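Per-entry structural report
Spelled out, the chains give:
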Amino acid sequence: MKHLIVIILSIVPLLLSAKGASDTRLVVITIDGLRWQEVFEGAEETLLADSKQTRDSELYRQTYWRSTPEERRQLLMPFVWNTIAKQGTLIGNRNLNSIMQLANKTNISYPGYSEMMTGMVDDAIKGNDPVNNPHRNVLEAANADARYRGSVVMYGSWKSTRFAIHNEQAGIPASVSYEKPIAKKPSPRIKLAERMLEGMPHYWRSEHFDAFTYAFALETLLSDHPKVMWISFGDCDEWAHARKYDLYLDAARGTDAFIRDIYEACEADKFYRGKTVYLITCDHGRGFGNEWSSHGSSTKGSEATWVMLLGKGIEAKGETSECGPYYTKQIAATIASILGIDFTPDDGAKQQPIGM
Ligand SMILES: [Zn+2]
């Protein structure tokens, strides 16, 4: 009898944690190439003043410039600083020695998403082409688990993002770059957004505007209730490459509003309310100062990344200091930990979850 009690007492916490995990929903949001500098310091004065990179400098200075980084970042990303910073955890402010960075040496997008989702670096992965990823990823592992099977989906603005999780093999429904939305129960609002995308000029060849990624993802969350969704935004990176600092800032502010809407809609829906973790991160950084528009192996500083966590079971640590270096390849382990699944990257090296 004594043994039985010991056995029961040792099993109960296991059952509770397994039940807890199976009840967990996860929304992963990536913002392509948004620098830690804008996230944690807001707009940069010299770039605002440069009329070649900021049209109507006076208006943009009024909109985004204040004397302290705390005021500036609040203006740029109010949801991040009013909600995530108070209720969640933020890592990556290098001014506070909170360090996160890429393990891959390319500092470009596809290898960044690959590192993030497969939990490892493959030096042969060094381009941005839309080719299937040879390695198993953590979303695929979730989709193979009975608790999440058929309930893992992704939306992305940029075409190559879906190939980073090679969804043909992984069986993860995905829609990117001018593809139709994948909702099983399409709402009138998603049909309207689909129609609008059909009529949009293709400003970028392999990427649509984030407003459509937002609309498709939000409507699919509410109609289909997937347990796991990856939403991949891309406007910030595109405007940065074009050296349009004004539009890059607008995109950062717009993405913050999209994230707020997604969070508020989920928390108003009983399928997600109180059960959902929101993980927000990026695929690479960018250079300093006038190098801000670039990233890559030869651009100093573009290895710098950041992550934010909010929601179920996430501690309200706020903005962290004196921690890391964490690596983007630990995101896969973090996702596995949130979902309560076992995940070993193809290189055999299990990583530690971040911020748990
Ligand atoms: Zn990128």
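Above this text sits the structure in question.
Source: prediction; values computed, not measured. (Residues numbered from 1 in each chain as written. Predicted model: local features only at pLDDT ≥ 70, side-chain atom pairs only at ≥ 80, totals over all residues. Heavy atoms only, no water.)

**A look at the pairing of strand S3 (residues 98-101)**
Regular strands place side chains that alternate from one sheet face to the opposite one. This is how it is decided: Three exposure classes are used, based on accessible area relative to the maximum for each residue type with a 1.4 Å probe and protein chains only: buried under 20%, partly exposed in between, and exposed over 50%. Under the scheme used here, helices are H or I runs from DSSP no shorter than 4 residues and strands are E runs no shorter than 2 residues, and both carry numbers assigned from the N terminus. Two strands qualify as a pair provided DSSP detects at least 2 bridges between them.
On S3, burial covers both faces: Ser-98 and Met-100 on one face and Ile-99 and Gln-101 on the other are all buried. Across 3 bridges, the pairing between S3 and strand S10 (residues 323-327) is parallel. Among the inter-strand pairings, Gln-101 is bridged to a residue of S10, identified as Tyr-327.

**Looking at the packing of aromatic side chains**
Selection rule: Here a pair means two rings of Phe, Tyr or Trp (six-membered ring of Trp) with centres within 6.5 Å. Their orientation is stacked below 30 degrees between planes, edge-to-face above 60, and tilted elsewhere. The criterion is that NZ of a Lys, or CZ of an Arg, lies within 6 Å of the ring centre and within 35 degrees of the ring normal, and then a charge sits over that ring.
Counted by the stated rule, this structure contains 18 aromatic pairs. Plain terms: the ring middles of Tyr-113 and Trp-230 are 5.6 Å apart, the flat faces sit at 50° to each other, and that makes the pair tilted. Taken together, the residues span a long stretch of sequence, with Tyr-113 in helix H7 (residues 109-118) and Trp-230 in strand S6 (residues 228-233) at a distance of 117 residues. Take Trp-230: its relative accessible area is 0%, and that puts it in the buried class. Taken together, the aromatic side chains of Tyr-203, Trp-204, Phe-209 and Trp-239 make up a single cluster linked through ring pairs. Above the face of the Phe-271 ring, Arg-25 is positioned so that its terminal group lies 3.9 Å from the ring centre. If you follow Arg-73 out to its NZ or CZ, it ends over the ring of Trp-81, 3.5 Å from the centre.

**Structural notes on empty space enclosed by the protein**
To keep it simple, the criterion reads: Space inside and on the surface of the protein is sampled on a 1 Å grid over the protein atoms alone, with a cavity defined as a set of points where a 1.4 Å probe fits but cannot get out and a pocket as an open set with protein on both sides within 12 Å along at least 5 of 7 lines; lining residues have an atom within 4 Å of a point. Grid points are joined across faces, edges and corners, and a volume is the space filled by probe spheres set on the points.
Enumeration over the complete set of coordinates arrives at 1 cavity of 30 Å³ or more. For the largest cavity, the full set of lining residues is Gly-119, Ala-332, Ala-333, Phe-343, Pro-345 and Gln-351.

**Some details on the coordination of the zinc ion**
Going by this rule: Coordination shells were defined by N, O and S atoms within 2.8 Å of each metal, extended to 3.2 Å for Na, K and Ca; water is absent from the atom set, which can make sites look incomplete. For a four-donor site, all angles between 85 and 135 degrees give tetrahedral; for four or six donors, opposite pairs above 155 degrees with the remaining angles between 65 and 115 give square planar or octahedral; all remaining cases count as irregular.
At 1.8 to 2.2 Å from the zinc ion lie its protein donor atoms, namely Asp-32 (OD), Ser-109 (OG), Asp-283 (OD) and His-284 (NE2). Classification of the site at the zinc ion rests on its 4 donor atoms, whose angles at the metal span 93 to 134°, yielding the label tetrahedral. Counting residues between consecutive donors of the zinc ion along the chain gives the motif D-x76-S-x173-D-H. Of the two residues, Ser-109 is situated in helix H7 and Asp-283 in the loop between strand S7 (276-281) and strand S8 (307-311); the sequence distance between them amounts to 174 residues. Among the residues examined, Asp-283 registers a relative accessible area of 0% and is labelled buried.

**Side note on unusual backbone geometry**
Backbone phi values are negative for most residues with the exception of glycine, while trans is the configuration of most peptide bonds. A cis amide bond links Gly-324 to the next residue, Pro-325, at an omega of 5°. The topology assignment puts Pro-325 in strand S10. Even without glycine at this site, Ser-177 takes up a positive phi of about 40°. Structurally, Ser-177 is set in the loop between strand S5 (174-176) and helix H11 (188-199). Phi angles above zero are rare outside glycine, and Arg-243 is one such case at about 55°. Within the secondary structure, Arg-243 sits in the loop between helix H13 (235-241) and helix H14 (245-267).

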